[in-house]
Amino acid sequence: MQPPVDLSVIPAPASARRAAGPGFALDTSTRILSPPGSPAAARVGAYLAGVLRRSTGYPLPVASAGGEGERDGIVLETTRDGQLGDEGYELEVSAVAVTLRARGAEGLFRGVQTLRQLLPAKVEDSTVQRGPWRVPAVRIVDRPRFAWRGAALDVARHFFGVDEVERYIDLISLYKLNVLHLHLTDDQGWRIAVDGWPKLASHGGSSEVGGGRGGFYSKQDYERIVRYAQDRYVTVVPEVDVPGHVNAALSSYPELNCDGRAPRLYTGTSVGFTSLCLDKPVTYRFLDDVIGELAALTPGPYLHVGGDEAKTVPGDRYARFIERVQGIVRAHGKRAIGWQETAGASPPPPVVQYWDIAASADAVRRAAQRGSKVVLSPASKVYLDMKYDAGTRLGLEWAGHVEVRDAYDWDPAKLLDGMGENDLLGVEAQLWSETLRSLRDMEFMAFPRLPGVAEVGWSPASSRHWDGYRRRLAAQAPRWSALAVHYHRSPQIPWPR
Ligand code: NGO
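Sequence order as written defines residue numbering, which begins from 1 separately in each chain. Residues qualify for local features only when their pLDDT is at least 70, as the model is predicted, and side-chain atom pairs are given and counted only at 80 or more; totals for whole chains, interfaces and linings, by contrast, use all residues. The side-chain figures draw on all heavy atoms in the structure; neither hydrogens nor water molecules are used.

1. Topic: the overall build of the protein chain
- Looking only at helices and strands, the protein chain has 15 helices and 19 strands in total.
- For the C-alpha atoms alone, the extent of the protein chain along its principal axes is close to 75 × 45 × 40 Å.
- Throughout this description, buried means an accessible area under 20% of the type-specific maximum (1.4 Å probe, protein chains only), exposed means over 50%, and partly exposed covers the range between. Residue burial in the protein chain is summarised as follows: out of 497 residues, 60% are buried.
- For the protein chain, the proportion of contacts with a sequence separation of at least 24, taken over those separated by at least 6, is 71%.
- Counted as positive: Lys and Arg. Counted as negative: Asp and Glu, with His and the chain ends omitted from the count. To locate a charge, the coordinates of NZ of Lys, CZ of Arg, CG of Asp or CD of Glu are taken. Side chains of the protein chain carry 59 positive and 58 negative charges; the gap between the two charge centres is 3 Å. Only DSSP runs of H or I reaching four residues or more are called helices, and only runs of E reaching two or more are called strands; each is numbered from the N terminus. Any two residues whose heavy atoms approach within 4.5 Å are treated as being in contact.

2. Looking at the site of the ligand
- Here a residue counts as near a molecule or strand whenever at least one of its heavy atoms sits within 4 Å of it. The local shell around the ligand holds 14 residues, among which Arg-157, Asp-308, Tyr-383, Asp-385 and Glu-434 are the closest.
- We call two N or O atoms a polar contact when they sit within 3.5 Å, provided that within protein one can donate a hydrogen and the other can accept it, with sequence-adjacent residues counted only if both atoms are side-chain atoms. A distance of 2.7 Å separates an oxygen atom of the ligand from a polar side-chain atom of Arg-157.
- Between an oxygen atom of the ligand and a side-chain N or O atom of Asp-385, the distance comes to 2.6 Å.
- Contact with the protein chains covers 97% of the free accessible surface of the ligand, which is 340 Å².
- Three classes are used, and their members are as follows: Ala, Val, Leu, Ile, Met, Phe, Trp, Tyr, Cys and Pro are nonpolar, Asp, Glu, Lys and Arg are charged, and the others, Gly among them, are polar. In terms of residue class, the shell around the ligand is made up of 8 nonpolar, 1 polar and 5 charged. Reported accessibility uses the Shrake-Rupley method at a 1.4 Å probe radius. Residues are deemed covered only where the shown protein chains occlude them.

3. A word on the environment of Arg-31
- By secondary structure assignment, the location of Arg-31 is in the loop between strand E2 (24–26) and strand E3 (32–34).
- Distance from Arg-31 to Gly-73, taken between C-alpha atoms, is 5.2 Å for residues 42 residues apart in sequence.

4. Thoughts on the packing of aromatic side chains
- Stacked, tilted and edge-to-face are the three classes applied to pairs of Phe, Tyr and Trp rings, where Trp contributes its six-membered ring and a pair requires centres within 6.5 Å; stacked means planes under 30 degrees apart, edge-to-face means over 60, and tilted covers the rest. Within the structure shown, the criterion is met by 24 aromatic pairs.
- With centroids separated by 6.1 Å and ring planes inclined at 45 degrees, the aromatic side chains of Tyr-383 and Trp-432 adopt a geometry described as tilted. A residue pair is termed long-range when its members are at least 10 positions apart, and Tyr-383 in the loop between helix H10 (379–382) and helix H11 (404–408) and Trp-432 in the loop between strand E19 (424–431) and helix H12 (439–446) qualify at 49 residues.
- Residue Trp-432 is classed as buried on the basis of its relative accessible area of 9%.
- Taking 5.3 Å as the distance between ring centres and 65 degrees as the angle between the ring planes, the aromatic pair formed by Phe-447 and Trp-480 counts as edge-to-face. Of this pair, Phe-447 sits in the loop between H12 and helix H13 (449–458) while Trp-480 sits in helix H15 (residues 477–482); the two residues are 33 residues apart in sequence, bridging distant segments of the chain. An identical accessibility class is assigned to Phe-447 and Trp-480; each is buried.
- Ring pairing ties together the aromatic residues Tyr-175, Phe-447, Trp-480, Tyr-487 and Trp-495, which thus form one cluster.
- Only lysine NZ and arginine CZ atoms are considered, and such an atom sits over a ring when it is within 6 Å of the ring centre and within 35 degrees of the ring normal. Positioned above the aromatic ring of Tyr-388 is the side chain of Arg-449, whose terminal nitrogen or guanidinium carbon lies 3.8 Å from the ring centre.

5. Examining empty space enclosed by the protein
- Only protein atoms enter the calculation, which uses a 1 Å grid: trapped sets of points that fit a 1.4 Å probe without letting it out are cavities, open sets showing protein on both sides within 12 Å along at least five of seven lines are pockets, and any residue with an atom within 4 Å of a point is a lining residue. Grid points are joined across faces, edges and corners, and a volume is the space filled by probe spheres set on the points. Summed over all chains, the structure comprises 1 cavity of 30 Å³ or more.
- In this model, the largest cavity occupies a volume close to 40 Å³.
- Those elements that provide at least two residues to the lining of the largest cavity are strand E10 (148–154), strand E11 (179–183) and E19.
- Broken down by element, the residue count for the lining of the largest cavity peaks at 3 residues, all from E10.
- Partitioning the lining of the largest cavity into residue classes produces 5 nonpolar, 3 polar and 2 charged.

6. Let's talk about the sheet that holds strand E5 (residues 73–78)
- Read from one edge of the open sheet, 7 strands run E1-E9-E6-E7-E5-E3-E4, paired in mixed fashion. With one partner strand each, in any of the chains shown, strand E1 (15–18) and strand E4 (62–64) form the two edges of the open sheet. Taking the axes of each pair of neighbouring strands and ignoring which way they run, one obtains an average angle of 15 degrees across the sheet.
- DSSP calls a pair of strands paired once it identifies at least 2 bridges connecting them. By the bridge criterion, 3 bridges tie E3 to E4 in an arrangement that is parallel. Across the sheet, the residue bridging to Ile-32 is Val-62, located in E4. Lines fitted to the C-alpha atoms define the axes, with helices restricted to the stretch that makes contact. Angles between their N-to-C directions range from 0 to 180 degrees.

Pasting the structure below:
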């Protein structure tokens, strides 16, 4: 069932219908009630109040719901309804109350994103606007199709600071994405401080594509990002890309090179020309230290080990290496995820990420048969660093042009022969930053394609149709204006003027 277009919620809820009546109007006396005994739910209430206070100017106190009768205003409730899962929610809007129900705070948080989108676009403004602030009468029951709905950010090719990453977290969580994959290391820069190997950050972090100053996250910086994401129910998955894409590390420590000589820092955009020295014991000490420190900074279960484009490493040696790295990740209490090339290791990592549309997917299929779960990032659909069309100023073209419809109009369960719903953990949109130097650049490439990928990951196939979607997407534009998001006005979308 398609959601009514005038609701314009993205991602489309699993089920949404209009109810009778005028809906609910916020005013100066509206309260937000949270379920007693749940500090996490109270924090979701406070988060909602924070969003709404800025633009409405209303006080919107958050209180714990008391006895019966206290059911007016915006009411957050917990329910035992097992059907909803951790992220599902129910939203019911009547003239006296907006009632949001979920199993716990995570589901409430997802539901709050729907509520934001049911309010007028100016609710996203950072200064006080005139009402009315009406929420249409609806009944929504919603839960995600896939558990992993990710956005990856490449902070290695160009460095992005904590504030910029937090802004991206805000924008992805508005569309119910729940994973932020940070590509922390590459040839052009190493972006995370490692106590045991300080030159990785101080030297390896001092460059970026084009010769800029680069930068890196201290452990405190990184913890800030992780906490900010946690507060928005986004899991940070850090990636240390090995054995290839390691020039910044090789340049920082001569002993990591087979010939003991450190190469210079690299500021170009070629791929596949570097590798760790697989024969040296120091390489594995290095990996154990780096992965150990990163695991300690990571509350989530996953650690990404990269593994893409290690073009200088022979296949059998590559496979042994990936097996060994997985062991290190396991020893530090995490589950490894690797790019599609790692699927041929034995065993393959618990999670394999498909990306290379030109390569055979056979190994990925076999890995799935052996129990690995697959995250889909087909470059021709969800690489947000591809140009929209030949005229796009930013971006790459190796996977073709990716217009808004390309990013939206596909079904994960039909992408690869022999790989169905149950083999998939989810989908993830990639934002590689070879050509992206600022938050403005990032936003321009992510919007409007990112909400489409979010809907691919969240909404049942039966709720998704390009025609309705493009109109719902058009209705997001005033929200982006209110949020000061720099977006691309794709000719495929009937934008309001
Ligand atoms: C490839 C490559 C990255 C590039 C990206 C650019 C993967 C997994 N490895 O994707 O290093 O930045 O393309 O689109």
